[in-house]
Number of protein chains: 10
Amino acid sequence: MLFQVEMTVKLPPEMPAERAAEIKATEKAYAQELQRAGKWRHLWRVAGSYSNVSIFDVEDNAELQELVSNLPLFPYMAISVKPLCRHPSSICEDDA
Amino acid sequence: MLFQVEMTVKLPPEMPAERAAEIKATEKAYAQELQRAGKWRHLWRVAGSYSNVSIFDVEDNAELQELVSNLPLFPYMAISVKPLCRHPSSICEDDA
Amino acid sequence: MLFQVEMTVKLPPEMPAERAAEIKATEKAYAQELQRAGKWRHLWRVAGSYSNVSIFDVEDNAELQELVSNLPLFPYMAISVKPLCRHPSSICEDDA
Amino acid sequence: MLFQVEMTVKLPPEMPAERAAEIKATEKAYAQELQRAGKWRHLWRVAGSYSNVSIFDVEDNAELQELVSNLPLFPYMAISVKPLCRHPSSICEDDA
Amino acid sequence: MLFQVEMTVKLPPEMPAERAAEIKATEKAYAQELQRAGKWRHLWRVAGSYSNVSIFDVEDNAELQELVSNLPLFPYMAISVKPLCRHPSSICEDDA
Amino acid sequence: MLFQVEMTVKLPPEMPAERAAEIKATEKAYAQELQRAGKWRHLWRVAGSYSNVSIFDVEDNAELQELVSNLPLFPYMAISVKPLCRHPSSICEDDA
Amino acid sequence: MLFQVEMTVKLPPEMPAERAAEIKATEKAYAQELQRAGKWRHLWRVAGSYSNVSIFDVEDNAELQELVSNLPLFPYMAISVKPLCRHPSSICEDDA
Amino acid sequence: MLFQVEMTVKLPPEMPAERAAEIKATEKAYAQELQRAGKWRHLWRVAGSYSNVSIFDVEDNAELQELVSNLPLFPYMAISVKPLCRHPSSICEDDA
Amino acid sequence: MLFQVEMTVKLPPEMPAERAAEIKATEKAYAQELQRAGKWRHLWRVAGSYSNVSIFDVEDNAELQELVSNLPLFPYMAISVKPLCRHPSSICEDDA
Amino acid sequence: MLFQVEMTVKLPPEMPAERAAEIKATEKAYAQELQRAGKWRHLWRVAGSYSNVSIFDVEDNAELQELVSNLPLFPYMAISVKPLCRHPSSICEDDA
């Protein structure tokens, strides 16, 4: 089941650079693990921002909550979620 | 080059049903033609709405404008556009 | 799987009273059919408004879209959707 | 008398982890006490967020204020309240 | 139990003047009846607008819904509702 | 002359508890003094929030500014003001 | 007593040109009459818009309501009002 | 050339009182200097707020930027700007 | 003197196609005349919309108002204006 | 390919003055380098603000992201991006 998730990162300016680098590295590893597991199906940067547009493929709402709330950057992000389903005009196999 | 496009349809309540059906049929044919041409890469319905989330793959901003402004439903939609690019944490081939 | 759905009805002032009454009657029958089927788990009026707060229990996003987009009042409503899941502090059996 | 209450938690990033854990534990105990007392009728997590959707069942506005303002996380939450009442189309006993 | 209700009237420009006058007269009679019944405790015009700020004193949310949704201008108003209760610093008898 | 004033308190989380208690005590004394002087005619808590809805009765805009800007919590509040006047449908003596 | 009033005109596109011209002429006469009476102290066009910024000098809120609600364009305008008073740094005689 | 400028001051709560007093004194002197120079034509307090409404009379956009960005409180203010010009219905000499 | 002007066209759906074509043709001729006169310095389409971003070069606010309010599409557009001036980091001759 | 980029700087009030000066100097050098390279085609100050309106000319979305995210002030700015393309009414060579 697909969800569009938009995330905008806002690190507090007083966070030490090493701490920020550490969180970002953990975030990257976690994001790639979820991609390899087929849970994080797409991940794009929104050009000119510190935001991404993502497509998650999960079992249900509970799994979405588990995956998103465990993001290392979760406490520092504004997140919006849209549930998706097949569009009647879509002919792309990957859209289901 | 990728763009996320969100479209929300708002047909005027006084539009005759046949006219609405006609526009929607033309829209569907056009959307599928652009999908087959590889220009409209993804198309999802936002569940519980008359909106979609789409990913367009175009040559440049001018082609995006041409494709979107020729949508038969264009005069009846609220549309927002976000330019996308590869995310440094993405490992999905389809995200570039 | 649960979703909170908020619906605000906005009928065009020029709609004839009989037409409005007809749509509302069909809407009521449909809402009660979905409640009996266990799909529309809760339905409350927001006091002082022509809005409701609802809890849907569906198989997946696709079923949510099917049920909501078939509401007779769908073309005349502003609708917002929130995916829900069990809260770690909830002890109510009905919340899952 | 029913109210829908939406709460979004925003802890200050500089709060020490033990302090945050302490407040959350007190909050959980308090939330479960109110559920057992029949005052906090439903409690759901909004998937992909640090928010909840809740249904309170109270004597009057004053009791709502008392219960909500005593939440240990009250100073750290954005809260919105909607008064609810029975919907004419509802057939669910639990909705009154 | 008290509620603050703000109402902003927006009549469709195409409504005939006699029809508008008729609705307003019925609205006025209804508003004064509710005031005499002690249900509509305060009613002020917001200066420079076609809005009012009102204080309702009702048994519960259901009565608020009944009184407000029966306003003749109800279909033509944007309405917002805030549940009120006694403020710990208030010494005015009329505020409870 | 009447004004509706809505105030939402937002104390900085790092303010020491004693300092907060001190400001609140001064605020309470000041609010009650203005009520006794007939300047702060009504004061209600908005249920489920740290906000109030108030009705001020002042000589003119300048007095409103003087009274409001001297509130001990003034630097920590979001405040909105609406000038009020008699509503043509009001029959309540207290509304003028 | 001074108020800043911002007005944005939005005539319905279907209004006949002669009717619009008529309303505008009445509006102009009324605006100039209020200026001559010293009630409408300043009137500026916001460049690039169909809006104005105005300063009214009235006895009280009630007179503001009377003058503004009698504007011939009142039903076709979005209006916002701000009560003004002397600024402690102002040295301009005209600002009181 | 006239501009309406609205300024809302938001001093950080942790700023020491002497520092705040110092900035405000410099601001006041600067504001009065600009008024005497005929550049800051009007300055009003918005009643019930820490905001002002001002009318600047400058040579061009560049001078507006120079005057406003040199305000001692500039880093602590939210500022909005509207270019003004003569309204066709204005008869006040001071409005040009 | 430069201004950024953003315009979004919203034609009423019931406008006859010939009428719309006529207005657009007049608009185009007028826009090109202003470009040739050096008043409308830049004009870009916002991709995926019926909006433009423009840079006007005018004598003063009054000329901006005159040029913009005479646009044939003026009654059908949402317009926002930002006064511009030279940026201290700009080295482009055309930016002054 | 052109993009309109609006940037609003918001430095944390507690940043030391030397640190701020340092970042601004680096930003200025970087901005001028991109202008000389033909990537940052226009750069204007919005009068009365700490904001700019810019036109970037880049190869694609990825280059826009690279240039913007490397701005020294990037962590301290609110940024909005609009993809631009040639307007059918534009006759200015520089607009393509």
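Source: prediction; values computed, not measured. (Residues numbered from 1 in each chain as written. Chains lettered and ligands numbered in written order. Predicted model: local features only at pLDDT ≥ 70, side-chain atom pairs only at ≥ 80, totals over all residues. Heavy atoms only, no water.)

Considerations on helix H1 (residues 17-36) of chain E
Residues and elements named next belong to chain E. What counts is decided by this rule: Elements are defined by DSSP. Helices are runs of H or I of four residues or more, strands are runs of E of two residues or more, and each kind is numbered from the N terminus. Expected span, for any helix, means 1.5 Å times one less than how many residues it has. Under the scheme applied here, a residue whose accessible area is under 20% of the maximum for its type counts as buried, over 50% as exposed, and between as partly exposed, the area being computed with a 1.4 Å probe on protein chains only. We call two residues in contact whenever any of their non-hydrogen atoms come within 4.5 Å of each other.
For H1, spanning 20 residues, the distance from its first C-alpha to its last is 29 Å, which sits close to the expected 28 Å at 1.5 Å a residue. Inspection of H1 places Ala 20, Ile 23, Glu 27, Tyr 30, Ala 31, Gln 32, Leu 34 and Gln 35 among the buried residues, and these make up the whole buried set. Tucked into the core, H1 has its buried residues touching strand E2 (40-46), strand E3 (51-57), helix H2 (61-69) and strand E4 (77-86). Just downstream of H1 lies Gly 38, where phi reads positive at about 80°.

What to know about the UniProt feature "domain: Muconolactone isomerase" (unreviewed entry) in chain A
Applied cut-off: UniProt positions are given in the numbering used here, feature names are shortened, and annotations may be inferred rather than shown by experiment.
Under the feature "domain: Muconolactone isomerase" (unreviewed entry), the UniProt entry names residues 1-89 of chain A. As annotated, residues 1-89 of chain A comprises 33% helix and 36% strand, and the C-alpha atoms at either end are separated by 18 Å.

Let's talk about the arrangement of the chains
A gap remains between chain A and chain G, with no contact made and the closest C-alpha atoms lying 29 Å from each other. With no contact between them, chain C and chain G keep their nearest C-alpha atoms 16 Å apart.

Quick word on the environment of Tyr 76 of chain F
In this fold, Tyr 76 of chain F is placed in the loop between helix H2 (61-69) and strand E4 (77-86). Classification of Tyr 76 of chain F as buried rests on a relative accessible area of 16%. Through-space distance from the C-alpha of Tyr 76 of chain F to that of Met 1 of chain F is 26 Å; in sequence the pair is 75 residues apart. Excluding residues that lie within four positions of it along the chain, Tyr 76 of chain F makes contacts with Thr 8, Val 9, Lys 10, Leu 11, Pro 12, Met 15 and Ile 23 of chain F together with Pro 13 of chain H.

Re the interface of chain C and chain D
Keep this limit in mind: Summed over both partners, the accessible area (1.4 Å probe) lost when two parts come together is defined as the buried area. Here, a salt bridge means any side-chain nitrogen of Lys or Arg that lies within 4 Å of a carboxyl oxygen of Asp or Glu. Asp, Glu, Lys and Arg are counted as charged, while Ala, Val, Leu, Ile, Met, Phe, Trp, Tyr, Cys and Pro are counted as nonpolar; the rest, among them Gly, fall into the polar class.
Every contact between the two is made by 31 residues of chain C and, on the other side, 31 residues of chain D. Both sides together, the interface formed by chain C and chain D hides about 2,900 Å², and carbon and sulfur atoms give 60% of it. The interface formed by chain C and chain D holds two salt bridges in total. Contributing elements (two or more residues each) for the side of chain C that touches chain D: strand E1 (2-9), helix H1 (17-36), strand E2 (40-46), strand E3 (51-57) and strand E4 (77-86) of chain C. Considering every element that reaches the side of chain C that touches chain D, the biggest residue donor is E2 of chain C, with six residues. In terms of residue class, the side of chain C that touches chain D is built from 14 nonpolar, eight polar and nine charged.

A look at the relation of the copies chain B and chain A
Our working definition: Fitting of the copies onto one another was done by least squares over C-alpha atoms, counting residues only where both copies have pLDDT of at least 70.
Note on the identical chains: chain B maps onto chain A by a rotation of 180° and an axial translation of 0.0 Å, with an RMSD of 0.0 Å. The operation mapping one copy onto its partner corresponds to a two-fold rotation axis. A share of 100% of interface residues in chain B that are also interface residues in chain A marks the association as one of identical surfaces.

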